[in-house]
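Reading the structure
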Amino acid sequence: MMENLVNKIIEIDSMADQRLCDAESASEKLRENTEREAASLKEDLRIKAEKRMSEIRKFHQDETREILAGIDKECNEKISQLDEAFNKQHLSIEDSIFRAIVGE
């Protein structure tokens, strides 16, 4: 009877040790899985952020190109207008300068 009781206590202690070992193993696996998932989420977020930044950068570069093209076009139009005005009036301006110098 006493021997049965001691054997039962040893059996219960052995089962408790096994359960503790199983719980520690499950806890370690859970921690490893959680760390892997966290690393995966972090990488996914980094990739998404880089993609979004690239899209924003491209949008602003395209917008800047359009603005610069508009400015370039406007400058070319102004230069053409000035060239046209010069071609129409340069002879009369030269004549006026000549007369002012000669004293007429």
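Read on for an overview of the structure. (Residues numbered from 1 in each chain as written. Predicted model: local features only at pLDDT ≥ 70, side-chain atom pairs only at ≥ 80, totals over all residues. Heavy atoms only, no water.)

1. Re the pattern of salt bridges
Throughout the structure, instances matching the rule amount to nine salt bridges. Between Arg31 and Glu28 there is a salt bridge, with its nearest N and O atoms 2.3 Å apart. One end of the pair is Arg31 and the other is Glu28, both in helix 1 (residues 2-102) and three residues apart, which spans about a single turn. Residue classification places Arg31 among the partly exposed residues on the basis of a relative accessible area of 39%. Take Glu28: its relative accessible area is 32%, and that puts it in the partly exposed class. In this structure, the salt-bridge partner of Glu43 is Arg46, at a minimum N-O distance of 2.4 Å. One end of the pair is Glu43 and the other is Arg46, both in helix 1 and three residues apart, which spans about a single turn. Using a relative accessible area of 34% as the deciding quantity, one classes Glu43 as partly exposed. One salt-bridge network, held together by shared partners, links Glu28, Arg31 and Glu35. (Salt bridge = Lys/Arg side-chain N within 4 Å of Asp/Glu carboxyl O. Helix = DSSP H or I, 4+ residues; strand = E, 2+ residues; numbered from the N terminus. Buried < 20%, exposed > 50% of the residue type's maximum accessible area, 1.4 Å probe, protein only.)

2. What to know about helix 1
Between the first and last C-alpha of helix 1 there are 142 Å, a value that for 101 residues agrees with the 150 Å anticipated at 1.5 Å per step. At Gln89, helix 1 is bent by approximately 55°, the largest bend along its length. The positive-phi residue at the C-terminal boundary of helix 1 is Gly103, with phi of around 95°. (Expected span 1.5 Å × (residues − 1). Bend = angle between axes of the 7 residues up to and from the residue.)

Without other data, these values stay purely geometric and don't point to any function.
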